[in-house]
Amino acid sequence: MKLLAAGALALGLGAVPAGAQEFINVLTGGTSGVYYPLGAQLAKIYGEKIEGARTQVQSTKASVENLNLLQQGRGELGFALGDSVKSAWEGDEEAGFAKKLDKLRAIAAIYPNYIQIVASEESGIKTFEDLKGKGLSVGAPKSGTELNARRIFETMGMSYEDLSKTEYLPFGESVELIKNRQLDATLQSAGLGVSSIKDLAISLPVTLVSVPASVAETLGAPFIAAEIPANTYEGQTEAVPTLAITNILVTHSDVSEETAYQMTKQLFENLDDMVAAHAAAQAISAENGPKGLPIPLHPGAERYYKEAGIL
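Here is a short report on the structure shown in this document. Given the structure is predicted, the values throughout are model-derived calculations rather than measurements. (Residues numbered from 1 in each chain as written. Predicted model: local features only at pLDDT ≥ 70, side-chain atom pairs only at ≥ 80, totals over all residues. Heavy atoms only, no water.)

1. Looking at helix α10 (residues 299-307)
Then step 1. Looking at α10, one finds that the buried residues are G300, A301, Y304 and Y305. The arc that holds every buried residue of α10, seen down its axis, measures 140 degrees, which confines them to one face. Facing away from the buried side of α10 by more than 90 degrees, the exposed set consists of K306 and E307.
Then step 2. Those residues of α10 that are buried are in contact with β5 (104-120) and α8 (257-269).
Then step 3. Directly beyond the C-terminal end of α10, a positive phi value near 75 degrees is found at G309. (Buried < 20%, exposed > 50% of the residue type's maximum accessible area, 1.4 Å probe, protein only. Helix = DSSP H or I, 4+ residues; strand = E, 2+ residues; numbered from the N terminus. Arc of directions from axis to C-beta. Contact = heavy atoms within 4.5 Å.)

2. Re the environment of N270
Then step 1. Mapped onto the elements, N270 comes out in the loop between α8 and α9 (271-277).
Then step 2. By relative accessible area, N270 is classed as buried at 9%.
Then step 3. For the pair N270 and Q41, spaced 229 residues apart in sequence, the C-alpha separation works out to 9.8 Å.
Then step 4. In contact with N270, other than residues within four places in its own chain, are I45 and K49.
Then step 5. Within polar-contact distance, the side chain of N270 engages the backbone oxygen of Q266 at 2.8 Å. (Polar contact = N/O pair within 3.5 Å; in protein donor to acceptor, adjacent residues only side chain to side chain.)

3. Considerations on the nonpolar core
Taken as a class, soluble globular proteins show a tendency for nonpolar side chains to be buried jointly.
Then step 1. Among the nonpolar cores identified, the biggest contains 98 residues, and Y46, L67, F128, V250, L267 and F268 are the most heavily contacted of them.
Then step 2. Considering every element that reaches this core, the biggest residue donor is β5, with 11 residues.
Then step 3. Sequence-distant contacts of F128, that is, excluding residues within four places in its chain, are made with I117, I152, F153, M156, M158, V209, S210 and V211. (Core = buried A, V, L, I, M, F, W, Y, C linked by side-chain atoms within 4.5 Å.)

4. Observations regarding the pattern of salt bridges
Side chains carrying opposite charge are able to pair once their charged atoms draw close together.
Then step 1. In this structure the tally under the stated criterion is 14 salt bridges.
Then step 2. Of the charged contacts in the structure, one is a salt bridge between E257 and R303, with a shortest N-O distance of 3.5 Å. Taken together, the positions of E257 in helix α8 and R303 in helix α10 put the pair 46 residues apart, joining distant regions of the chain.
Then step 3. Given a relative accessible area of 40%, E257 falls into the partly exposed group.
Then step 4. Two residues, R303 and E307, come together in a salt bridge whose shortest N-O distance is 3.8 Å. Residue R303 and its partner E307 are both found in helix α10; the two are separated by four residues, about one turn of the helix. (Salt bridge = Lys/Arg side-chain N within 4 Å of Asp/Glu carboxyl O.)

Okay, here's the thing in structure tokens:
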């Protein structure tokens, strides 16, 4: 594994062996999303609990970039959306994968991402169809969020050409444009309570736009119909129908069995710390870890689930 010189958070202080000087670079997403705070907490946990581990957290454009970096051995753990992982394993060029990413291995299915479409109240957008003729940010280019957006538009019989303006921006930048009246809405695929939308809802009146359950039925796995519960965000008094997609922690086949085992074990043994970093982690459980994965488990992760009596 490569020595990552910058940004090491901590040297391991625990008593759990993982081999001499294991470098664990955790690939996340934009700093205003959910991947980043969870990834930073994981890097901290691994640095403290895995002996000899030097850790780093890296902000990226999220799912697609993370998966390509893992295939290249430029990270040891990455967060990614389930549909992006499936596309990577299949080598879907349109989704941003030039070939099948055959080195990818799963650590765990974690929490669901919710499609959260938020419009300024003054834009007049109330339904998905109301996005026609409006300005929307669909996430960073070729990110998992943007792939989600494209699939939903297709299923709704729409395209980006129906919009007056399409921005390809991370969550935080999308929100700033809405605050400055330069954009009408943002589509974000993230855990509930994402900081960017919380910030926007506190700053000005917003509308959460629903996505019909029929879209999930048409798209099929890993998409499911879901709801954003009432009062998730300021001024949101009713539950909003939408879609959810499972997030997956992904590693690669060149990571040692012991390191993958420890990464899996320390995740589940320190869930309270993960929840403290972001409430989305409340949905993470060891029982669900090996479920519904579109790629093989890493042998180290498989060992953990067998020891825990889950497999």
